[in-house]
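One letter stands for each residue in the lines below.
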Amino acid sequence: MSPPASPDAEPIDTATIRETVRLALLLGAGPLDRDAMAGLHEALRGHVALLLPGARTAADQLWRGSGAWYERAARLDCITRQLEQPLAGDPFAAMVKVQLLARDCDWLLDQQTGLPGGTR
């Protein structure tokens, strides 16, 4: 169960985040546009940065040492490391990176149940 959000917390704009994820997952459907990928990459990084603290707080509510805690902590650590990596120069590698970040963003959004705007 997620902790209650502070009264000052801004609601999470799930519609905008889901639209960004949708656009990122469609990248391979046409010519690879490096500028479009860079824009989506930055937008996704911002969304992930917004969602990560709530997901970490929710993970901290689990019993440390349980399988569920370990799996969630490992995924969150992986996402955090990916955020630190720049977008690849090769167009195909950049597309893959953006799409993987979009999937991580979507997963984080699904973890937000119970937080402001965090409904599925």
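Scroll up to find the structure this text is about.
Summarised in this report is the structure supplied together with it.

Cut-offs used in this document
Residues numbered from 1 in each chain as written. Predicted model: local features only at pLDDT ≥ 70, side-chain atom pairs only at ≥ 80, totals over all residues. Heavy atoms only, no water. Salt bridge = Lys/Arg side-chain N within 4 Å of Asp/Glu carboxyl O. Helix = DSSP H or I, 4+ residues; strand = E, 2+ residues; numbered from the N terminus. Buried < 20%, exposed > 50% of the residue type's maximum accessible area, 1.4 Å probe, protein only. Axes fitted to C-alpha atoms, helices over the stretch in contact; angles between N-to-C directions. Parallel < 35°, antiparallel > 145°, perpendicular 65-115°, else oblique. Left-handed = near helix turned anticlockwise from the far one by under 90°. Contact = heavy atoms within 4.5 Å. Nonpolar A, V, L, I, M, F, W, Y, C, P; charged D, E, K, R; others polar. Expected span 1.5 Å × (residues − 1).

Looking now at the pattern of salt bridges. Tallied over the entire structure, the rule returns seven salt bridges. Between aspartate 106 and arginine 18 there is a salt bridge, with the nearest N and O atoms lying 2.5 Å from each other. Of this pair, aspartate 106 sits in helix H4 (residues 91–110) while arginine 18 sits in helix H1 (residues 14–25), and the two are 88 residues apart along the sequence. For arginine 18, a relative accessible area of 28% puts it in the partly exposed group. Across the pair glutamate 19 and arginine 22 runs a salt bridge, and its minimum N-O distance is 2.8 Å. Highlighted residues: glutamate 19 and arginine 22, both in helix H1, separated by three residues, approximately one helical turn. Under the relative-accessibility criterion, glutamate 19 is labelled partly exposed at 35%. Overall, arginine 22 belongs to the partly exposed group, its relative accessible area being 42%. One salt-bridge network, in which partners are shared between bridges, spans Arg18, Asp106 and Asp110.

Attention now goes to the packing of H1 against helix H2 (residues 34–60). Where H1 meets H2, the axes come as close as 10 Å, and the angle between the chain directions of the two elements is 140°. By the angle class used here, H1 and H2 are oblique. Judged by the sense of rotation from one axis to the other, the crossing of H1 with H2 is left-handed. Across from Thr16, Ile17, Thr20, Val21, Leu23 and Ala24 in H1, the residues of H2 making contact are Leu40, Ala43, Leu44, His47, Leu50 and Leu51. Residue composition of the contact of H1 with H2, by class: nine nonpolar, three polar and no charged.

For H4, spanning 20 residues, the distance from its first C-alpha to its last is 29 Å, which sits close to the expected 28 Å at 1.5 Å a residue. For H4, every residue scored as buried is listed here: Ala94, Met95, Lys97, Val98, Gln99, Leu101, Ala102, Asp104, Cys105, Trp107, Leu108 and Leu109. Here the buried face of H4 lies against H1, H2 and helix H3 (67–84).

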